[in-house]
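Architecture at a glance
Listed here are the chains, written in short residue letters.
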There are 2 protein chains.
Amino acid sequence: MSGYPQVDALAGQIRSGSVRALARGLSWLEADTPDGDALVEALYPFSGRAHVVGITGAAGAGKSTLVTALTRLFRASGQTVGVLAVDPSSPYSGGAILGDRIRMADVGSDPAVFIRSMATRGALGGLCAVARDAVDVIDAAGKEVVLIETVGVGQDEVEIMRLAHTILVVSVPGLGDDIQAMKAGLIEIADIHVVNKADKDGAHRTVAELQAVLPPTSAYGWTTPVLSVVASTGFGVSDLATQVTAHANHLRATGEWQRRERQIAEFRVVKLAQRLVARRLTQPVHSGGDLANDAFDRVADRRLSPRQCAETLLSYPSHQRDLHVRPRHSQEDLERA
Amino acid sequence: MSGYPQVDALAGQIRSGSVRALARGLSWLEADTPDGDALVEALYPFSGRAHVVGITGAAGAGKSTLVTALTRLFRASGQTVGVLAVDPSSPYSGGAILGDRIRMADVGSDPAVFIRSMATRGALGGLCAVARDAVDVIDAAGKEVVLIETVGVGQDEVEIMRLAHTILVVSVPGLGDDIQAMKAGLIEIADIHVVNKADKDGAHRTVAELQAVLPPTSAYGWTTPVLSVVASTGFGVSDLATQVTAHANHLRATGEWQRRERQIAEFRVVKLAQRLVARRLTQPVHSGGDLANDAFDRVADRRLSPRQCAETLLSYPSHQRDLHVRPRHSQEDLERA
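Conventions we followed
- Residues numbered from 1 in each chain as written.
- Chains lettered and ligands numbered in written order.
- Predicted model: local features only at pLDDT ≥ 70, side-chain atom pairs only at ≥ 80, totals over all residues.
- Heavy atoms only, no water.
- Helix = DSSP H or I, 4+ residues; strand = E, 2+ residues; numbered from the N terminus.
- Expected span 1.5 Å × (residues − 1).
- Buried < 20%, exposed > 50% of the residue type's maximum accessible area, 1.4 Å probe, protein only.
- Phe/Tyr/Trp six-rings, centres within 6.5 Å; stacked < 30°, edge-to-face > 60°.
- Lys NZ or Arg CZ within 6 Å of the ring centre and 35° of its normal.
- Least-squares fit on C-alpha atoms with pLDDT ≥ 70 in both.
- Contact = heavy atoms within 4.5 Å.
- Salt bridge = Lys/Arg side-chain N within 4 Å of Asp/Glu carboxyl O.
- Buried area = accessible area lost by both parts, 1.4 Å probe.
- Polar contact = N/O pair within 3.5 Å; in protein donor to acceptor, adjacent residues only side chain to side chain.
- Nonpolar A, V, L, I, M, F, W, Y, C, P; charged D, E, K, R; others polar.
- Pairing = 2+ DSSP bridges.
- Axes fitted to C-alpha atoms, helices over the stretch in contact; angles between N-to-C directions.
- Parallel < 35°, antiparallel > 145°, perpendicular 65-115°, else oblique.
- Left-handed = near helix turned anticlockwise from the far one by under 90°.

Next up on the list: helix α4 (residues 63-76) of chain B. Residue and element names in this part refer to chain B. For α4, spanning 14 residues, the distance from its first C-alpha to its last is 20 Å, which sits close to the expected 20 Å at 1.5 Å a residue. Taken together, the buried positions of α4 are K63, S64, T65, L66, V67, T68, A69, L70, T71 and F74. Positive phi appears at G78, one or two residues downstream of α4, with a value of about 90°.

Structure (structure tokens):
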């Protein structure tokens, strides 16, 4: 219970599986309102069960087709699936606006599959924050596998991948002389490498290049496989789905799952603290006058350094009401879990 | 005066125009050590005089060639120039490593021109922070125009552009059906649009497309021009340099310069406060035990929400020494410079 009847009602509908409620909840998150914050608070205790799989790689690597193919396989094995397609470079957002989503028409009409695309937001770091919260909400809605797909290989995408338990890095032959993923430091974060369009010239070379730079077997005993697939025909995708599930099982069996959950938690808290600080510093202060405003003026005039200013403002006592509205959970709500 | 003789010595050498000292100072910044922090503190009061010009646009738009051509023109008009080439997707950093820099050989040997490239850094948001500080240091070194060039059109690049007084967005014909800049929201932030390679097919269409989506004349009376250039031959670059200077004059005449300085100051302080918070939350706490560690565990177990955790940790009294350590350099270290 958040203490806000509207929020509690929507949270309840989302947990009971309403697709419309889930879509509405994600729209609240995208609108960046206190309602969205309260919804995440209400649903967070019920998240943490989904296997979150990140899929990244250069534009043109065929990630959307791969996600569709994987979704079909997870469905065939009886799992419910949520898909979150995140495109920091696109101004479009919503249910199924991205052109590639059209290919998902067959799985898109399956009520056990939820698909959502999210695009660029004005606020700095806003998209990544919304993606984090969206994963929780989809997770709390009961989806057993959540696939997060990002377009492009920038820092935004790497940050979003840090929310996943299992990271798939998709390469294709012929997109450039180098392995595209190397530039963005994706080689190190991959749990599974996928070479898509493996029927094209140069596929063997791409596989060999990836194998040559693979990190050694991890501390928890996982060796990153390099899998060849042709997402458009389904070739190799079954093996890939098996490896994705095997990775989740391996994480759980070795205790690495909990360690990653802990890492994700720390990452999220730090990023959220950063957002709260930005909000506190830039929103009008209700009491104490225009402390921050004056300070920014002094920085602009070189009478105060950015560092001195930041440290002074951080040490200034915060006012809870500037930061947010704090929701509350009721006992019943937790017992219903 | 920073209170640290070695930092003050380097700051003095930078202000008196030593190229070696400036290069060394920027290396301190890139190493992300307390040395660099103290150097920026020492030099900040002497910054704020340079006209900071940001140049962005899709890879392949010919930005490096354009920067070289502009540098020649600013030199011809008697101005000193600093160039900072920032590539978030490249693992290379240093004096003149990027291949395109080779074209700058003629201006690169001019002692009134300082050129530096900076590339990707491990820390999240680290590159942008370093770029901010680097601009101050180059500014304090007396460079009258500082050109910041970024590769790519992601959020990182947009953030870096927010440090500039004047933003040039470079497009080229034929890089795609749409104007590349539109995707990343660069249209709105451009003070001057440049269509490079204007001798190629489709240049007129690119110009027309940009003109069709231009924002109206700004509140301070500036109408964003769309200029056609051929950076490799110099065609149109003189007009461009004139417009860049005209924009600076217009900013100063209308008071917009001061407003932008204020915006830049606020943006910097907020970003710095965010870094300090991340550092405080993730570095070992010297007193008070493992408060943050326990809290992260509870978030991972869903006993505490990320928001509650972030707010609790932010309200915890900060210890100056957790935020940063003031640097100390040995005399030998400096003499080795």
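As a further point, take the packing of aromatic side chains. Applying the stated criterion to the full structure yields zero aromatic pairs over all chains. Lying over the aromatic face of W257(A), R252(A) brings its terminal NZ or CZ to 3.9 Å of the ring centre. One cation-aromatic arrangement involves R15(B) over F46(B); the distance from NZ or CZ to the ring centre is 3.5 Å.

Structural alignment of chain A on chain B gives an RMSD of 0.2 Å, achieved by rotating through 179° and translating 0.1 Å along the axis. Each copy turns onto its partner about a two-fold axis. The rotation axis passes nearest to the C-alpha of Q274(A) in chain A, at a distance of 2.3 Å. The share of interface residues of chain A whose copies in chain B are also at the interface is 93%, consistent with both copies meeting through the same surface.

With that settled, consider the pattern of salt bridges. Applying the stated criterion to the full structure yields 33 salt bridges over all chains. Residue R205(A) is joined to E209(A) by a salt bridge in which the shortest nitrogen-to-oxygen separation is 3.1 Å. Residue R205(A) and its partner E209(A) are located together in helix α9 (residues 203-213), separated by four residues, close to a single helical turn. Residue R205(A) is classed as exposed on the basis of its relative accessible area of 51%. Because the salt bridges share partners, they merge into one network encompassing D133(A), D136(A), E261(A), R268(A) and R302(B).

Moving on: the interface of chain A and chain B. On the side of chain B, 57 residues touch chain A, which itself brings 60 residues to the contact. For the pair chain A and chain B, the two sides together bury roughly 5,400 Å², of which 58% comes from carbon and sulfur. Along the contact surface separating chain A from chain B lie eight salt bridges. A salt bridge links R262(A) to D297(B); the nearest nitrogen and oxygen atoms lie 2.6 Å apart. On inspection of chain A and its partner chain B, the count reaches 17 residue pairs in polar contact (both at pLDDT 80 or more). Mapped onto the side of chain A that touches chain B, the elements with two or more residues apiece are α3 (34-43), α6 (126-140), α7 (155-161), α11 (256-282), α12 (291-300), α13 (306-315) and α14 (320-323) of chain A. The class makeup of the residues in the side of chain A that touches chain B is 24 nonpolar, 14 polar and 22 charged.

For the rest of this paragraph, the subject is the sheet that holds strand β1 (residues 51-57) of chain B. All names here are of chain B. A sheet is described by the order of its strands in space; here seven strands give the open sequence β3-β2-β4-β1-β5-β6-β7, paired in parallel fashion. Whereas interior strands pair on both sides, the edge strands pair on one side only; in this sheet they are β3 (113-119) and β7 (226-228). Neighbour to neighbour, the strand axes of the sheet diverge by 20° on average, direction disregarded. Judged from the three bridges that link them, strand β6 (residues 192-195) and β7 form a sheet pairing that is parallel. Its bridge partner lying in β7, V194 is registered against L227.

Let us look at the packing of helix α2 (residues 19-31) of chain A against α3(A). Residue and element names in this part refer to chain A. α3 packs onto α2 with a crossing angle of 125° between their chain directions and a minimal axis gap of 7 Å. On the basis of their axis angle, the class for α2 and α3 is oblique. As α2 runs across α3, the sense of the crossing is left-handed. Each of G25, W28 and L29 in α2 lies in contact with α3, whose residues at this interface are D35, G36, L39 and V40. Taken together, the residues of the contact of α2 with α3 break down into four nonpolar, two polar and one charged.

A word on the packing of α11(A) against helix α14 (residues 306-315) of chain B. Contact pair α11(A) / α14(B): the axes reach a minimum separation of 9 Å and the direction vectors enclose 65°. Relative to α14(B), α11(A) is oriented so that their crossing is right-handed. Contact with α11(A), carried on its side by R268(A), V269(A), L272(A), A273(A), L276(A), V277(A), R279(A) and R280(A), involves P306(B), R307(B), C309(B), A310(B), E311(B), L313(B) and L314(B) of α14(B) and no other residues of that element. Classifying every residue of the contact of α11(A) with α14(B) by side-chain character gives 10 nonpolar, no polar and five charged.

Attention now goes to the pairing of β1(B). Residues and elements named next belong to chain B. Across the seven residues of β1, seven count as buried, placing the element largely inside the fold. Where burial is concerned, the two faces of β1 agree: the one with H51, V53, I55 and G57 and the one with V52, G54 and T56 are both buried. Both β1 and strand β5 (residues 166-171) contribute to a ladder of five bridges, which runs parallel. What sits directly across from V53, in β5, is T166.

Residue and element names in this part refer to chain A. Judged by pairing direction, the sheet is parallel, and its seven strands sit side by side in the order β3-β2-β4-β1-β5-β6-β7 without closing on themselves. Lying at the two open borders of the sheet, with one neighbouring strand each, are β3 (113-119) and β7 (226-228). With direction set aside, neighbouring strand axes in the sheet form an average angle of 20°. With four bridges joining them, strand β5 (residues 166-171) and strand β6 (residues 192-195) adopt parallel strand pairing. Bridged to V169 within β6 is H193. Packing against the sheet, helix α10 (residues 237-254) makes contact with β1 (51-57), β5, β6 and β7, and its axis sits at approximately 150° to β5.

The subject of this paragraph is α3(A). Most of α3(A) is tucked away, with eight of its 10 residues classed as buried. G36(A), D37(A), A38(A), L39(A), V40(A), E41(A), A42(A) and L43(A) are the residues of α3(A) that are buried.

It is worth spelling out the pairing of β3(B) at this point. As a general feature of sheets, a regular strand has side chains that alternate between the two faces. All names here are of chain B. Most of β3 is tucked away: seven of the seven residues are buried. Here β3 shows no split at all, with V113, I115, S117 and A119 on one side and F114, R116 and M118 on the other all buried. Note that strand β2 (residues 81-87) and β3 share seven bridges and pair parallel. Along β3, the bridge assignment pairs V86 with M118.

Quick look at the environment of Q283(A) now. All names here are of chain A. Locating Q283 in the fold gives a position in the loop between α11 and α12. Judged by relative accessible area, which is 37%, Q283 ranks as partly exposed. Taking the C-alpha atoms as reference, Q283 lies 9.8 Å from N293; in sequence the two are 10 residues apart.

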